[in-house]
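# Reading the structure
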Amino acid sequence: MGRYTRGVDAGGILAEVKSLVDSRLDELLPGESVEPTPLHQAMRYACLPGGKRLRPALCLASAEAVGGSRLDALDAACALEMIHTFSLVHDDLPALDDDTLRRGRPSCHVQFGEALAILAGDALFALAFRTLAACSDEAPICAEAVLTAAEASGSAGLVGGEVLDVLSEGKEVGAEGVRMIHERKTAALIAASCKLGGLLGGGSEGQTRALFDFGRTLGLAFQIADDVLNETSTADVLGKAAGSDRSRDKATFPSVLGVQQSQERARQEVEAALAILSSRDLDSEKLKVLANHCVKRAS
Ligand code: IPE
Ligand code: IPE
Ligand code: MG
Ligand code: MG
C-alpha cells in the first residue's frame, strides 16, 4: 500500500461522494409532506437512497482535477443525478423497457403508478435545471452549466438515445449503430458530468473540453459494461433486471460482438479515455480509479 492509495479506491471515493450528494439532495428535493405529497414522495423514492452516484463522483473528481473544490461543484453534481434518475424512472416504464426492479427495489411506477412516475420524472428534470441555474455565484457559469446539461439530456443526447434504443429493438443496427445509441443515451450525460466539474472547478476552456472528451469515451465504456452485466449477471447482484436486453432483442454490444469482445472493447475505450487525460495534462488519480471501476464493477 503506497501512501497515495489511501482514499483512492473506487469504493472509498463513491462512498464519500454518496454521503455528500445524498445530504445535499435531501435538502434540494421538496419534503415528503409538501403538497402534492405523492409527487414529492415519488421524487424522493427515485432519488434516495439511489445508486452508485457515478455521475456526481465524476463531476466532483473533475472539479478537483482542475484545482477546484468539490463543494464548488456539489449542486451541479446533484442536478446531474436528478437528470440521471429521471431517465431511469422513465426508462423503466412499460412503454420503454418495462422493468419492475430498480436500485434493488420496485421501480417508481410499480410503487406509485405510471402517472406519478411520469410526472415525478418530469419534476426531477425541471428541478435539475432550476438547480443548475443557481449552481454558481457567477451568472455566465450558470448559463453554461444549463446549456451543457440541456444539450446532453435532450434530443441530441440522452432522450434522443432512448428513442433510438427503443426504435432499434429487434433490428440489426451493427456495432456502429449501437455505438451511436450508447453515445447518446449514456455517454452524453457522463461527458457533461465531467465537463461541469471542470467548469465549476474553475478549469480553463482546454481543460473542460478535455474532461468532456474523456467523459464521452468513458461513457461508451460504461454502457458497454452495462450491456455485458445485463447478459452475464443476476438481478440480485445488479438490483435491476438481468437478461432483459436479450429478451427485448435490444441493440447491445454483446448482441453484435459477443460478451468477450464487448469486454475487450470496453477496456479499450477506458484506455482511450485515460489517454485523453494524460495527453492533455490532467493527471487525476481519482478519475483514473473511477474510469477503471466503470468496466470492472460488479453492479
Ligand atoms: C444505469 O446507470 C443506466 C445506464 C446509463 C447504464 P447506473 O449504473 O449509473 O445506475 P445507478 O445510478 O447506479 O442506479
Ligand atoms: C440506460 O438505459 C440509459 C438511460 C436510462 C437513459 P438502459 O435501459 O440500457 O439501462 P438499464 O440497464 O435499464 O439501467
Ligand atoms: Mg433502456
Ligand atoms: Mg433499461
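That block above? That's the structure.
Quick look at the structure, then. Everything quoted here is computed from the prediction, not taken from an experiment. (Residues numbered from 1 in each chain as written. Chains lettered and ligands numbered in written order. Predicted model: local features only at pLDDT ≥ 70, side-chain atom pairs only at ≥ 80, totals over all residues. Heavy atoms only, no water.)

## A short note on the coordination of the magnesium ion (ligand 3)
Looking at the magnesium ion (ligand 3), one finds its protein donor set to be Asp91 (OD) and Asp97 (OD), positioned 2.1 to 2.2 Å from the metal centre. Metal-to-metal, the separation of the magnesium ion (ligand 3) and the magnesium ion (ligand 4) is 3.1 Å; aspartate 91 coordinates the two. Comparing aspartate 91 with aspartate 97 shows no difference in burial state: the two are buried. (Donors = N, O, S within 2.8 Å, 3.2 Å for Na, K, Ca; no water. Buried < 20%, exposed > 50% of the residue type's maximum accessible area, 1.4 Å probe, protein only.)

## Describing helix α10 (residues 205-232)
Each turn of an α-helix holds 3.6 residues, which means side chains three or four residues apart point in the same direction. An ideal rise of 1.5 Å per residue puts 40 Å on 28 residues; α10 measures up with 40 Å between its terminal C-alpha atoms. Of all the 28 residues making up α10, 20 are buried; the element is thus mostly covered by neighbouring parts of the structure. (Helix = DSSP H or I, 4+ residues; strand = E, 2+ residues; numbered from the N terminus. Expected span 1.5 Å × (residues − 1).)

## So, a nonpolar patch on the surface
A surface patch of nonpolar side chains, amounting to about 240 Å² of accessible area, comprises Val159, Val163 and Leu167. Along the polypeptide, valine 163 turns up in helix α8 (residues 158-167). Since its relative accessible area comes to 43%, valine 163 is described here as partly exposed. (Patch = residues over 30% accessible without salt bridge, like charges linked within 9 Å, V, L, I, M, F, W, Y side chains within 5 Å. Areas by Shrake-Rupley, 256 points an atom, 1.4 Å probe, with all protein chains shown as cover. Salt bridge = Lys/Arg side-chain N within 4 Å of Asp/Glu carboxyl O.)

## Let's talk about the site of ligand 2
All residues in the neighbourhood of ligand 2 are listed as Ser87, Leu88, Asp91, Asp97, Arg102, Leu158, Glu162, Lys185, Thr186, Gln223, Asp226 and Lys240. Here aspartate 226 contributes a side-chain N or O atom positioned 3.2 Å from an oxygen atom of ligand 2. Between an oxygen atom of ligand 2 and a side-chain N or O atom of lysine 240, the distance comes to 2.6 Å. Burial of ligand 2 by the protein amounts to 91% of the accessible area it has alone, namely 380 Å². No other element matches helix α4 (residues 74-91), which puts 3 residues into the shell around ligand 2. Looking at the shell around ligand 2, its residues break down into 2 nonpolar, 3 polar and 7 charged. (Near = heavy atom within 4 Å. Polar contact = N/O pair within 3.5 Å; in protein donor to acceptor, adjacent residues only side chain to side chain. Nonpolar A, V, L, I, M, F, W, Y, C, P; charged D, E, K, R; others polar.)

## Quick word on the environment of alanine 128
In this structure, alanine 128 sits in helix α6 (residues 114-132). A residue is classified by how much of its surface remains accessible, and alanine 128, at 0% relative accessible area, is buried. Sequence separation between alanine 128 and arginine 209 is 81 residues; the distance between their C-alpha atoms is 22 Å. What alanine 128 contacts, discounting residues up to four positions off in sequence, is Ala79, Met82 and Ile83. (Contact = heavy atoms within 4.5 Å.)

## Some points on the site of ligand 1
Neighbouring residues of ligand 1: Gly51, Lys52, Arg55, His84, Leu88, Arg103, Thr186, Phe222, Gln223, Asp226, Lys240 and Arg297. Within the side chain of arginine 55, a nitrogen or oxygen atom sits 2.8 Å from an oxygen atom of ligand 1. A total of 390 Å² of accessible area belongs to ligand 1 in isolation, and the protein chains cover 89% of it. Those elements that place two or more of their residues in the shell around ligand 1 are α4 and α10. Sorting elements by how many residues they give to the shell around ligand 1 places α10 first, with 3 residues.

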